Amino acid sequence: QVHLVESGGGLAQPGGSLRLSCSASGMELRIYAMGWYRQAPGKAREYVTFITNDDNSNYVDSVKGRFTISRGNAKNTVYLQMNNLKPEDTGVYYCNVDYYKDSVGNLGHYWGQGTQVTVSP
């Protein structure tokens, strides 16, 4: 069993910053990528960003230039630096890990429990 533990959420003012962390523990995985999704109240969960095990990253257009994803020295850890936060960034942020579950490249997924980010004056 794999556990993803997120931390770093909280309350920020518009224009402020927060840094989220996510660590995967438990069974050793062959990780393909780790990333973040978010879910605003009353809305579906949406993709935010991911980073692959060879450090290729991708962002949804709404956060480009403001959010930065990075990996820790321990490759099972990922960070999300969020700058110039906007009220529309409010939501529960979920960490996700995609891993190789067999030798032919099929991927499995694990999710964290989520951490609340609130951006409000």
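Data block above holds the structure.
None of these values were measured; they are calculated from a predicted model.

Basis of the calculations
Residues numbered from 1 in each chain as written. Predicted model: local features only at pLDDT ≥ 70, side-chain atom pairs only at ≥ 80, totals over all residues. Heavy atoms only, no water. Helix = DSSP H or I, 4+ residues; strand = E, 2+ residues; numbered from the N terminus. Rg over C-alpha atoms; globule rule 2.2 N^0.38 Å. Buried < 20%, exposed > 50% of the residue type's maximum accessible area, 1.4 Å probe, protein only. Contact = heavy atoms within 4.5 Å. Areas by Shrake-Rupley, 256 points an atom, 1.4 Å probe, with all protein chains shown as cover. Lys, Arg positive; Asp, Glu negative; His and termini not counted. Charge placed at Lys NZ, Arg CZ, Asp CG, Glu CD. Disulfide = S-S within 2.5 Å. Core = buried A, V, L, I, M, F, W, Y, C linked by side-chain atoms within 4.5 Å.

Draft legend 1. Structural context of the overall build of the protein chain. A tally of helices and strands in the protein chain yields zero helices and 11 strands. Traced from its N-terminal end to its C-terminal end, the protein chain shows the element sequence β-β-β-β-β-β-β-β-β-β-β. The C-alpha radius of gyration of the protein chain comes to 14 Å, within 12% of the 14 Å expected for a compact globule of 121 residues. Oriented by its inertia axes, the alpha-carbon framework of the protein chain measures out at about 50 × 25 × 25 Å. Expressed as a percentage of the 121 residues in the protein chain, the buried residues total 40%. In the protein chain, of all internal contacts separated by at least 6 residues, the share reaching a separation of at least 24 is 53%. Of the roughly 6,500 Å² that the protein chain leaves accessible, carbon and sulfur atoms contribute 46%. Distance from the positive charge centre (11 side chains) to the negative charge centre (10 side chains) of the protein chain: 3 Å.

Draft legend 2. Structural detail: the state of the cysteines. Applying the stated criterion across every chain yields a total of one disulfide. For Cys 22, the disulfide goes to Cys 95, at an S-S distance of 2.0 Å. Here the S-S torsion is close to -85°, and the disulfide linking Cys 22 with Cys 95 is therefore left-handed. With a gap of 73 residues between them, Cys 22 in strand S3 (residues 18–26) and Cys 95 in strand S9 (residues 91–100) connect regions that are remote in the sequence. This pair shows no difference in class: Cys 22 is buried, exactly as Cys 95 is.

Draft legend 3. Quick peek at the nonpolar core. Leu 4, Trp 36, Phe 67, Val 78, Leu 80, Met 82 and Tyr 93 are the most contacted members of the largest nonpolar core, which totals 28 residues. Those elements that provide at least two residues to this core are strand S1 (2–7), S3, strand S4 (31–39), strand S5 (46–52), strand S7 (67–71), strand S8 (77–82), S9 and strand S11 (115–119).

Draft legend 4. Structural view of the environment of Lys 75. Within the element layout of this structure, Lys 75 appears in the loop between S7 and S8. When the C-alpha atoms of Lys 75 and Gln 116 are compared, they prove to be 24 Å apart, with 41 residues separating the residues in sequence. In contact with Lys 75, other than residues within four places in its own chain, are Ile 31 and Met 34.

Draft legend 5. Just the environment of Met 34, in detail. Inspection of the secondary structure assignment puts Met 34 in strand S4. Here Met 34 falls in the buried class, since its relative accessible area comes to 2%. Sequence separation between Met 34 and His 109 is 75 residues, and the spatial gap between their C-alpha atoms is 9.6 Å. Those residues in contact with Met 34 that sit more than four places away from it in its chain are Cys 22, Phe 50, Ile 51, Ile 69, Lys 75, Asn 76, Thr 77, Val 78, Cys 95, Asn 96 and Val 97.

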